[in-house]
Structure formats: C-alpha cells, structure tokens
Amino acid sequence: CMMLGLTQDYFTPFLLLLGGNAIQVGLMSAAANFMSAFVQMKSPDFAARAGSRKKIVTFFVLLQGLMLIPMIYLAVSKTNEPYVMILLMMMFTACGAITVPPWGSMMSDLVPSSKRGRYFGWRNRVLGFIMVGFSLLTGAVLSAMKKVDIYYGFAIVFFLASVARIISWRFLEKMHEPRLVYKKEDHFTIFDFVKGMKKRNFARFVLFVALMNFCVFIASPFFSVLMIRDL
C-alpha cells in the first residue's frame, strides 16, 4: 500500500509531464487494465506449472518493484517518451495483477473462514490509512519539488515506491505456503463461466462489477487531465 499510495494517482500526471495527451492517457488506462485482466485469468495456470503459489507471488512482486527503475530513468533523463511510459505502466500493472489470485488463494488457506471477515476488515482499514497518508506525502513532495525540478520529484517518489515494494518482497519471502490441493471440479473455462451466468449468483455479481468498472473507467482516467490542464 505504500507503493500504491506513492504511485497510483500520479502515473497520469507523470505521463502528462512527459508530453502525453488525453488520448494517450486513455490508452494507458485501457491497456493497463486489459493486460491486468488477461494475466489474472492465466495466473492460476502459472502457479500450477510452477508448483508453488508463493514463487509466482514473490517473483512478480520483485519484478514490479524493479519496473519502477526505468520510470526513474525517464524522470531523471527528462525524456519525453509517453509511449515508453505506457508500455512500462502496462508491465508494472500486469506484474501486480498476476500476484492477486495466488496470494488470495494462500491467504484463504492461512486465515480460518471464521476469522476472515474480521481480519480483512482490520487489514483493509489499516492499509487504507497508509495508502491515503502516502498519497498525501507524494503530493507534498511533488509540490515542494516543483520549485526545484518536478522531474526529480517524480524520480524521488518512484525510488521510494520501488524500495517499499522490494521490502514487501522480503516479507513475502518469509510467508508460509500451505500445500495446495488441486480439485478437478474447481477448474472451468471462461466459456463455462459465461454459460453459468443465469444460474450462479457469483457470475451475476462479476457481471455487475464489470459493468460498474466499465462505466467508471470511461471518465476516471481523465480527471487528472482536467485538473492539471484546465482547472
């Protein structure tokens, strides 16, 4: 969450700083979310082939932290290459997304079902405060560095985010991984999921969330453009 607070709301302003326009902002958002959805569908297969959910989580968490280093270079070199940033953003988001299914699977094995609601409620509350706090800190750093060199401000922010992600990788390396039991009945294809849309409440819920996100992401990538360039 430290990394997300330092970066999540500031990729679009950085793209604008690199010479990006509204079309490229939309492309970055769409490409990153599409890539995330695709890799998440394949993530269980990767974990099965690797024979370990933890290996997938730790490898891609480390890779995600390292993906911020080229962004630091873009900031320090002041290179106006918005399409390079879009590509890096796609890879950065995909590395994070691919860890979600195996991490959630491990946590469901580690946390008893009777305690999950209480534990994740507490966890999300704490992490929410941390993410908001570091997002405010990032805004303060960038505001202060604007008087010196805003490019170096982004370089500092991305460096701190990279360090935070690598620290989380070190802690994930110490995480216990319960043995995963594969059940044939748990496996289904996307076509099986669509066929069961009328019968399964979960499938209807997924459709609802998908449509909600579709509507939200029509406008949300462009708020930063409006505030920075027009307001």
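**As for the layout of surface pockets**
Now for step 1: Considered as a void within the structure, the second largest pocket measures approximately 330 Å³ in volume.
Now for step 2: Along its surface, the second largest pocket is lined by Tyr10, Pro13, Leu16, Leu17, Gly139, Leu142, Ser143, Lys146, Ile150, Phe154, Ile228 and Arg229.
Now for step 3: At the level of secondary structure, the elements contributing two or more residues to the lining of the second largest pocket comprise α2 (11–17), α7 (116–145), α8 (150–173) and α11 (223–230).
Now for step 4: Classifying every residue of the lining of the second largest pocket gives eight nonpolar, two polar and two charged.

**Structural notes on the side chain of Thr12**
Now for step 1: In this structure, Thr12 sits in helix α2.
Now for step 2: Discounting chain neighbours no more than four positions away, the residues touching Thr12 are Val25, Met28, Pro221, Ser224 and Val225.

**A word on the environment of Met175**
Now for step 1: Checked against the element boundaries, Met175 lands in the loop between α8 and α9 (190–195).
Now for step 2: Sequence spacing of Met175 and Lys54 is 121 residues, and the spatial spacing of their C-alpha atoms is 8.0 Å.
Now for step 3: Filtering out sequence-adjacent residues up to four positions away, Met175 remains in contact with Lys54, Trp103, Met106, Met107 and Leu110.

**A word on the packing of aromatic side chains**
Now for step 1: Across all of its chains, the model carries eight aromatic pairs by this definition.
Now for step 2: Note on Phe59 and Phe60: the rings are 5.0 Å apart at their centroids and 90° apart in plane angle, and the pair reads as edge-to-face.
Now for step 3: Classification of Phe60 as buried rests on a relative accessible area of 17%.
Now for step 4: Aromatic pair Phe154 and Phe158: ring centres 6.0 Å apart, planes at 40°, arrangement tilted. Placement of the pair is Phe154 and Phe158 together in helix α8, with a separation of four residues, close to one helical turn. Phe158 carries the same exposure label as Phe154, and that label is buried.
Now for step 5: An aromatic cluster of three or more residues is present, and its members are Phe11, Phe14, Phe92, Phe154 and Phe158.
Now for step 6: The side chain of Arg170 reaches across the aromatic face of Trp169, ending 5.6 Å from its centre.

**Things to note about helix α5 (residues 82–97)**
Now for step 1: The terminal C-alpha atoms of α5, which comprises 16 residues, lie 22 Å apart, in line with the 22 Å expected from a rise of 1.5 Å per residue.
Now for step 2: Within the span of α5, buried status applies to Pro82, Met85, Ile86, Leu88, Met89, Met90, Phe92, Ala94, Cys95, Gly96 and Ala97.

**Description of the nonpolar core**
Now for step 1: If you look at the biggest cluster of nonpolar residues, it comprises 38 residues, and the most contacted ones within it are Phe11, Phe14, Leu68, Met71, Met85, Phe92 and Phe158.
Now for step 2: Listing elements by their share of this core, those giving two or more residues are α1 (2–7), α2, α3 (22–50), α4 (53–77), α5 and α8.
Now for step 3: Leaving out residues up to four positions away in the same chain, Leu68 has contacts with Met3, Thr7, Phe11, Phe92, Phe158, Ala161 and Ser162.
Now for step 4: Core analysis: the next-biggest nonpolar cluster, separate from the first, contains eight residues, Val61, Val111, Leu172 and Met175 among them.

**Some points on α3**
Now for step 1: With 29 residues, α3 ought to run about 42 Å at 1.5 Å a step, and its terminal C-alpha atoms sit 40 Å apart, in line with that.
Now for step 2: Along α3, the largest kink reaches about 40° and is centred on Lys42; proline Pro44 follows within four residues of it.
Now for step 3: For α3, the set of buried residues is Gln24, Val25, Gly26, Met28, Ser29, Ala31, Ala32, Ser36, Val39, Ser43 and Ala47.
Now for step 4: At the N-terminal end of α3, a side-chain oxygen is found 3.2 Å from the backbone nitrogen of Ile23, two or three residues along, and the residue is Asn21.
Now for step 5: Of the residues trailing α3, Gly51 is marked for its positive phi of about 75°.

**Points about the confidence of the model for the chain**
Now for step 1: Of the residues in the chain, 96% reach a pLDDT of 70 or more, and the chain-wide mean stands at 87.
Now for step 2: Confidence, read as mean pLDDT per element, is least for α9 in the chain (70) and greatest for α8 (94).

**What to know about the pattern of salt bridges**
Now for step 1: Taken as a whole and assessed by the stated rule, the structure comprises three salt bridges.
Now for step 2: Ionic pairing is found between Arg53 and Asp109, a salt bridge with its closest N-O pair at 2.9 Å. Highlighted residues: Arg53 in helix α4 and Asp109 in helix α6 (residues 100–110), separated in sequence by 56 residues.
Now for step 3: Taking the relative accessible area as the measure of exposure, Arg53 reaches 2% and is therefore buried.
Now for step 4: We note a salt bridge from Glu177 to Arg53, for which the minimum N-O separation is 3.8 Å. Within this pair, whereas Glu177 is found in the loop between α8 and α9, its partner Arg53 is found in helix α4, the two being separated by 124 residues in sequence.
Now for step 5: What makes Glu177 partly exposed here is its relative accessible area of 23%.
Now for step 6: Residues joined by salt bridges that share partners form a network here, namely Arg53, Asp109 and Glu177.

About the thresholds
Residues numbered from 1 in each chain as written. Predicted model: local features only at pLDDT ≥ 70, side-chain atom pairs only at ≥ 80, totals over all residues. Heavy atoms only, no water. 1 Å grid on protein atoms, 1.4 Å probe; cavity = no way out; pocket = protein on both sides within 12 Å on 5 of 7 lines; lining within 4 Å. Points joined across faces, edges and corners; volume = space filled by probe spheres on them. Helix = DSSP H or I, 4+ residues; strand = E, 2+ residues; numbered from the N terminus. Nonpolar A, V, L, I, M, F, W, Y, C, P; charged D, E, K, R; others polar. Contact = heavy atoms within 4.5 Å. Phe/Tyr/Trp six-rings, centres within 6.5 Å; stacked < 30°, edge-to-face > 60°. Buried < 20%, exposed > 50% of the residue type's maximum accessible area, 1.4 Å probe, protein only. Lys NZ or Arg CZ within 6 Å of the ring centre and 35° of its normal. Expected span 1.5 Å × (residues − 1). Core = buried A, V, L, I, M, F, W, Y, C linked by side-chain atoms within 4.5 Å. Bend = angle between axes of the 7 residues up to and from the residue. Polar contact = N/O pair within 3.5 Å; in protein donor to acceptor, adjacent residues only side chain to side chain. pLDDT = per-residue confidence, 0-100. Salt bridge = Lys/Arg side-chain N within 4 Å of Asp/Glu carboxyl O.

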